[in-house]
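What follows is each chain in one-letter form.
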Amino acid sequence: MSIDEMNGMIKAYKEVKEYCESIKQKKETDIVDKSINSTVSLVIYFCDKFEQIVEQSIDGEIERMHEMMERKKDESEGV
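Residues numbered from 1 in each chain as written. Predicted model: local features only at pLDDT ≥ 70, side-chain atom pairs only at ≥ 80, totals over all residues. Heavy atoms only, no water.

**What to know about the pattern of salt bridges**
Convention followed: One speaks of a salt bridge when a side-chain nitrogen belonging to Lys or Arg is within 4 Å of a carboxyl oxygen belonging to Asp or Glu. Segments assigned H or I by DSSP are reported as helices when at least four residues long, segments assigned E as strands when at least two residues long, and all are numbered from the N terminus. Only protein chains enter the accessibility calculation, which uses a 1.4 Å probe; a residue is then buried when its area is under 20% of its type maximum, exposed when over 50%, and partly exposed in between.
Enumeration according to the criterion identifies three salt bridges in this entry. The shortest N-O distance in the salt bridge between E51 and K14 comes to 3.9 Å. With E51 in helix α2 (residues 31-78) and K14 in helix α1 (residues 3-23), this pair connects stretches of sequence that are 37 residues apart. For K14, a relative accessible area of 41% translates into the label partly exposed. Between R64 and E61 there is a salt bridge, and its shortest N-O distance comes to 2.6 Å. Within this pair, R64 and its partner E61 are both found in helix α2, separated by three residues, close to a single helical turn.

Here is the structure:
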């Protein structure tokens, strides 16, 4: 998966999280409101976790690409 695709995933998680935050019930007057808030809070939690995982993957991919470029640089200097 490319870094652009991973950045797209992060954007999608942020959009889902923003939407969930917008539909959270201000008052929990009955079981339906409590259920909605519980479900929405869980979705927000997972969006945060998955966003962190994707960011770590991006960091790892950038580091891998940097190491590969350094190796190619060292090989070309050694020629």
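**A word on the packing of aromatic side chains**
This is how the line gets drawn: Only centres within 6.5 Å qualify two rings of Phe, Tyr or Trp (six-membered ring in Trp) as a pair; their planes then separate them into stacked at under 30 degrees, edge-to-face at over 60, and tilted for everything else.
Under the defined criterion, the tally for this structure stands at three aromatic pairs. Three or more aromatic residues joined by ring pairs form one cluster here, namely Y13, Y45, F46 and F50.

**So, a negative patch on the surface**
What counts here: Like-charged residues within 9 Å of one another, or nonpolar side chains (Val, Leu, Ile, Met, Phe, Trp, Tyr) within 5 Å, are grouped into patches, provided each residue has over 30% relative accessible area and no salt bridge. Per-residue and other accessible areas were derived by the Shrake-Rupley procedure at a 1.4 Å probe size, with only the shown protein chains allowed to occlude residues. Only four residue types enter the tally: Lys and Arg on the positive side, Asp and Glu on the negative side; His and the chain ends are excluded. Think of each charge as sitting on NZ of Lys, CZ of Arg, CG of Asp or CD of Glu.
Together, E55, D59, E63 and E67 make up a negatively charged patch on the protein surface. When you line up the elements, D59 lands in helix α2.

**What to know about the state of the cysteines**
Heads up, the condition is: The term disulfide is used for any two cysteine sulfur atoms that are within 2.5 Å.
Here the structure, examined in full by the defined rule, presents zero disulfides. We note that C20 lacks a disulfide partner, and the nearest cysteine sulfur, in C47, lies 6.0 Å from it. The exposure class assigned to C20 is buried, which follows from its relative accessible area of 8%.

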